[in-house]
Amino acid sequence: MAPEVCGTLLGLALCAGSLCVVRGATFLYHDYCVIGAGPAGLQVAYFFQQAGRDYIVFERSHAPGSFFALYPRHRKLISINKQYTGKSNSEFNLRHDWNSLLSHDRRLLFRHYSRDFFPNADTMVRYLEDFASLLKLQVQYNTAIIHVTLEKNEQAWNGHYFLLTDQDRKNYKCSCLLVAAGTWVPNVVNFPGSEYVEGYETVSINPEDFTGQTVLILGRGNSAFETAENILGVTNFIHMVSRSRVRLSWATHYVGDLRAINNGLLDTYQLKSLDGLLEGDLEDLAIVKDKKGKLHITLRFYLENRNISADIDSITLPQDELDNFATRAPYDRVIRCLGWKFDFSIYNRSLRMMPGKGNIKKYPQIKPSYESRGTRGLFVLGTASHSVDFRKSAGGFIHGFRYTTRAVHHLLENRHHGVPWPSTVYPITQLTNSIIKRVNEASGLYQMFSVLADIILLRDNATTFEYLEEYPIGVLAELEMQTGRKARNGLFVIIMEYGRNFSGADKDVFYYNRAVGEAQHAWQSNFLHPVIYYYKHLPTEREMRLRHPDWPLPRPDAIHHIVEDFLTDWTAPNAHILPLRRFLENCLSTDLRNFFAESCFLFAFTHEKLPPSCQQGYVRMQGLVGGQELRHHAVQAGLLQDYTHTDFSDDRPPDSHDGSQEQLMRDHGIPVHPLQHLVNAKDEL
Amino acid sequence: MWAEEHLPHLSVWQEDALHPEDFQRNFFCVCISVSPGAQPFLEQIESSAEALQDYGVSVVKVNCPTEDVSKYCGKENALRKAFLFRGNRLIREFPTDALFDVNSIVANVLFALLFNEVKYVETLADLENIENVLKGKSNMVFAYVPATGTAEHRAVMEAAFVYGTIHQFVLTTEAALLKATSHDDPDVSSAWLLFCHCQQATEPAQPCRRTALAPPLTLLSIHRHLKLMGAPLVTEVAEDPEKISTVHLQLGLPLVFILSQKETYEADRRTAEFVAWQLLGKAGVALLSRDRVDLNVLQRSNVAIKTPEEGMPIQYLVLEDTDEVITLVEDKNKVKQIQEVEQEEEEEDEEEKENNNQDIQDDQVVEAVSRDKKRELPLEQVLVLTEENFHSSLSKAARTVVLFYASWEAVSLAVLRCYSEVASLLKGTPGVLLSRVNCWDWPGLCSQENVTQFPTMRIYKEGQQSVTYGGMWGTEELSSFILLSKVSCPLKLATMDEAEGYLRGEFPPELSSHQHTSLLGVFSTATTEAREAFEEAGNILSGHIRMGMYFEDDALSLSRKYSVSPPALLLARSGGRSVESIALSKHSVQDMVQMIRYQLLDIFPEITVSNLPQYLQLGKPFLILFSAGDISQMESKEMLKVAKGRAQQTFVACWLNLKNTPVGHGILRTYFSTTPSLPVLLWVKLHAGGQVFKFPSEQPITEMNILSWLEKLQAGLEIPSSTLSEEDWKPPLPAYDFLQMMEPPVPELSPHPGDTPAQQPPQSPGGDTARGDRATREKPSQESTAEEIGSPGRGLRGTAPRLAARDKQGKRHSEL
């Protein structure tokens, strides 16, 4: 749809075509405005395009992904691009493809763009360009939105319109604003002498420029380590200072923490080389430059009441008092690699775009539905939306926010266009199957663990159910309103979790015996594994608020953990599917076993009611006949009685005959064959 | 020499008459008058002489003549006195009334003799003083006797004589003192002996451990007890346990082996010591190192028991905690029981005992498929479709059959087995391509084709909408569907000959081998509405029914032949005896489909597993004749009459051939518990009430009899033989209660400050630490080591089986 065509049905009297005149100013109107044509902006544009919505993306640069055009400075992305998984399942493969955006176009898979496991950032720029052009997304380049304000209007979707102004004073008007601008404003620390500090964004990336130098790096994230890695071989030594201890991503299970690919300096630090890590508050630092141009570290404390420009000799250095002060050696360069923050400056006060508190102050405050806390109709997407799951899940990265963006799109479709959250209705006999299918292949559940959940809504007295994929669990209480689906008969919530207390900066994630192998101990699983919560009633907002801080959800009526699996393949009949079926059966108080047609036949003549699998299969003439071999196996397992060789002229007492089948019927218990234990080898490897 | 003799009759006690070498010996001298009243006493003295001799005490009798006024006889009251000498030194003087029998004599004499060795105490303070002195030095034997001079007193003294130099003996007769030393209320009327392990008590504040010897006290029992106390607490064993012999075994007590290995040695050592303390005096404990002994026993075994009986094999057990070991020893019968239970449960864990068979597969389909998984399916005839070749393959054949399945799903795999048989049956059939799509590999393709259930079978025809299979998942049914789908439905017949041939089942030739009811719609050119509905119904019923249609100009002649007026249906049942004709009155597609389905039902069908659902859908009671084989002509005729009669609309008359449908035996046995004599005619109210009535076997099966029986039935005059189970299909077994394991529902205070407990939802999760602790206790498997160090011997889980389990896991996971 061309952006010029005003698709609004709101009947704005002032609108003529797409041009709306308000108070003399000319506004171009769109239902949806997206700020930023980075991965998140393009991703949401794709969904709008697919749904045929009226939208526009504003990009300040001449091409998409301008952040990636500059960053990371050393050009190596740390998002993995796994080409081979041994599987053809495209959904599963996305679990190991952290760079592709979601689309129907199979050409737009990142593995077609790069063969590198850690691809070059230029490839990402090229990929994003292709994504925008191949899918014909509506992106307006060279448009920097410099101001956003609100215009109250009762007829607007959210009670107001968003008015956007670009660098050329051109104005735009939208019903809904999606901010996908990322976090691009470098974090700067101000302390005496901070003028001597070079920024990550401009520092030379040529190692030769550092030959024989002594370097101090401020910061302890991936950019800091990446910078160190680049010059490790040519410097005298590198020191790194930061307030907090280093957080290794393989210990925290958070991809934003220090990745092993960048941690060469840790190696040399711990292996008695000259490089080192120090902890200290950057705010307390001060840097003074001596006559030779060397930079000395001192404390702000010493400089107080003193002229900073005073002679170096008159300034107290820590080593004057403490002669083994760690950073007493002078440095040739100090580099700041402190990350970025969201650009709050363009939003009018009326939008109440507030920074988060504590360690999420670089992000704007949003709800778990990704809507701004201050303004209805303003959604934050992409990296800037990471406050929802900062240091937990992958919502700040492409492989995470491509799913949360889709979730936001579903919410919008329901809210503004009456299109309920997509769902599929199945008979209850498919319950176990549909869960097993999703936990084995779903990528959104896997990447956005503990943030996005699949929801199963029971219907029709639990004879059918509705399956909703990847709903943000933070707004579980609002499910009915947000999705347009009803949850009156209870629901299951399927999420993926790491073991509680397994992840953390100081945790030993390689301890012996860390893996749980047995299904009955599944709740102690440590690695990412599926967890299913059962609620008889949709949790209320109050219950959500009062949930235990360690729990992603309020206490359910029942819970099931599928035991962690080394191959993340949860299809083992006895270790994975059987316990899950028992859990579902007990939640629903029914028998979810499959039966051969012959068993259903017997039940039809001997029971007033039939188990669901007979009811929904056999009775509808879709019984499972099963071949000779299978029936033979079932008989051998004691789960099916063989009547073929019954000599009916013989009037033997029933007991000698009564096989397990009858017991199966009588108490629905399982007949335990004496041989069962020997032959039923429990899937042990 | 006189001293050697028993009670030598010395007339006078003469000090100098003693032999010098006897000076150091103890003399027990009884000075007594020879008055006849003293005779019983003398007999006792005489008997005790032998016993005392073992302790180096000689007994001498002195006859004190009335005139003798010697040192010992002289005193008036000395006439009944006994004296104890060491050498020539008088140690003790006994009143003869304290020496009433052998026991009292021996006890008192030894008591006097061992005055320094055996301390007599009266108060707890005295006892504690002695204890404190002994701490870290030697052990103490504390005995309580209700009175001195008793058999127990004697036994204690005799023991003290032997062990007095090794242990400090302490005696009391104070019942209060005994009570003060014991926690439970001991029976003060019998003697007690406590072995106090003061040597190991190095801390002054630490009391000495005590091991009680239960009454009765005899010299033998005390001896045994002290011997056991002297044995090492835990014996380290590094040889074949069958060859081991310890004090315990020699004394007739069992020996408990704690099986250990290098990795768990420290924990096992602590466990063994803990057990040993508990079993002290009851059994021996040895630590058996698996690493050094080649044991041919289960890796999980952690305890072994060797009984003193000759030739009894050592029993290896898997026990959960130390209490079990102790019970095992204290109640020997239990050894057997536990052992039997262990064997039954073979590979089961504690949890599994509770949860019985939760982890055993009870789904017949899943189990059958997983038992069959090693068999390779002959699927060469079946084309594998992928996202890449799906659309191109569909265009290659006139008809492509696609089975959508999931390779991990049991029902899919069961159907895939049938499908492979279908493939070999239809091998070489022109114009049909069998293929399959594994939705686990190609989820995008499956969702694009709108496959939401596994399995789904579809037939794709060029240029037409695909047809989804909706019938039984059996080889026969699937191949019949595929074959019938080859011919368009309804098939347009061009000539009268074709139409006639069609009704005979001879046309079209590709279906001539296929036994099936043929349905022919006859339409005049004017009846387009009915014809269109019929065509639409044909699309829906495609693959299930042979449908033809004839609407040529001479349709009228065809209809005249079968005396119907178009629009009408002609129905030729398989077997083709006659052609039934049905006038078409309803013209909606749904009505037409339903009508056709209904018309296809037999009047008196043989019920089989495959066709039952069609009759069940009618929702009527069943009049069913169970027969061992084919039914007789007579029965068939009579039943057909009943079926065709006025009651036809109200019930399903049918029969069941037990040869074709053996599961019918299961039905009969459920109704009657035995198979009744056949044939048997039953009235089964399948949809209302579920009663089962049996036609009286003595009556012949005739229309008359049946109808009058049915009348009585309806009138409620018959008693049902059986009733269908009304039970709901509940979960066969409980699930793992992870919620309970994660945090047992204990009422707790609000974990969130600011919320009053009243506001708190009752099931709100508890504090983290509390939960963590509880979880650890609940499930020691994770962090049991730390806990076991804290309290040794609490559980045996840290030992061998645990390690074995760990090995298993290691192989599975972390060490790959």
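Model, not experiment: these values are computed from the prediction. Counting from 1, residues in each chain are numbered in the order their sequence is written. Whichever chain is written first is A, and whichever ligand is written first is 1; the rest continue in order. Confidence filtering applies because this is a predicted model: local features only for residues at pLDDT of at least 70, side-chain atom pairs given and counted only at 80 or more, and all residues used for totals across whole chains, interfaces and linings. As a rule here, side-chain values come from all non-hydrogen atoms in the structure, and water together with hydrogens is ignored.

## Some thoughts on the overall build of chain A
Within chain A, the secondary structure is distributed over 21 helices and 24 strands. Whether a residue is buried, partly exposed or exposed follows from its accessible area with a 1.4 Å probe, protein chains only, as a fraction of its type maximum: under 20%, in between, or over 50%, in that order. Here chain A holds 685 residues, and the buried ones make up 61% of them. Two residues form a contact once any of their heavy atoms are found within 4.5 Å. Within chain A, residue pairs in contact and separated by at least 24 positions form 65% of the contacts whose partners lie at least 6 positions apart. A 1.4 Å probe and the Shrake-Rupley method give the accessible areas. Residues count as covered only by the protein chains that appear here. For chain A, the exposed surface amounts to about 27,300 Å²; the carbon and sulfur share of it is 50%. The helix count covers DSSP runs of H or I at least four residues long, the strand count covers runs of E at least two residues long, and both are numbered beginning at the N terminus.

## Considering helix H2 (residues 102-113) of chain B
All names here are of chain B. Between the first and last C-alpha of H2 there are 16 Å, a value that for 12 residues agrees with the 16 Å anticipated at 1.5 Å per step. Counting buried residues in H2 gives 11 out of 12 residues, a clear majority hidden from the surface. Within H2, the full set of buried residues consists of Val 102, Ser 104, Ile 105, Val 106, Ala 107, Asn 108, Val 109, Leu 110, Phe 111, Ala 112 and Leu 113. Under the convention used throughout, the expected extent of a helix is 1.5 Å for every residue step, that is, one less than its residue count.

## Looking at the packing of helix H4 (residues 151-163) of chain B against helix H6 (residues 219-230) of chain B
All names here are of chain B. Taken N-terminus to C-terminus, the directions of H4 and H6 make an angle of 40 degrees; their axes are 8 Å apart at the nearest point. Considered as vectors, H4 and H6 are oriented oblique to each other. Crossing angle aside, the handedness with which H4 passes H6 is right-handed. Listed contacts from H6 to Ala 155, Val 156, Glu 158, Ala 159 and Tyr 163 of H4 are Leu 219, Ile 222, His 223 and Leu 226. Each residue receives one of three labels: charged for Asp, Glu, Lys and Arg, nonpolar for Ala, Val, Leu, Ile, Met, Phe, Trp, Tyr, Cys and Pro, and polar for the others, Gly being one of them. Along the lines of polarity and charge, the residues of the contact of H4 with H6 split into 7 nonpolar, 1 polar and 1 charged. Interaxial angle, 0 to 180 degrees, is taken between N-to-C directions of lines fitted to C-alpha atoms, where a helix line uses only the stretch in contact. Working rule for angles: under 35 degrees goes down as roughly parallel, over 145 as roughly antiparallel, 65 to 115 as roughly perpendicular, anything else as oblique. By convention the crossing between two helices is left-handed if the near helix lies anticlockwise of the far one by an angle smaller than a right angle, and right-handed if it lies clockwise.

## Description of the sheet that holds strand S21 (residues 464-472) of chain A
Within a beta sheet, neighbouring strands are joined by backbone hydrogen bonds and run either parallel or antiparallel to one another. All names here are of chain A. For two strands to be treated as a pair, DSSP must find no fewer than two bridges joining them. One open sheet holds the 6 strands; their spatial order is S19-S21-S20-S22-S23-S24, and the pairing between them is antiparallel. Both edges of this open sheet fall to strand S19 (423-427) and strand S24 (558-561), since each of them pairs with a single strand only. If you compare each strand with its neighbour and ignore which way they point, the axes differ by 20 degrees on average. Where strand S22 (residues 491-497) meets strand S23 (residues 529-535), 7 bridges bridge the pair, whose relative direction is antiparallel. Along S23, the bridge assignment pairs Glu 497 with His 529. Seen against the sheet, helix H11 (residues 431-441) touches S19, strand S20 (452-459), S21, S22 and S23 and runs at an angle of roughly 20 degrees to S21.

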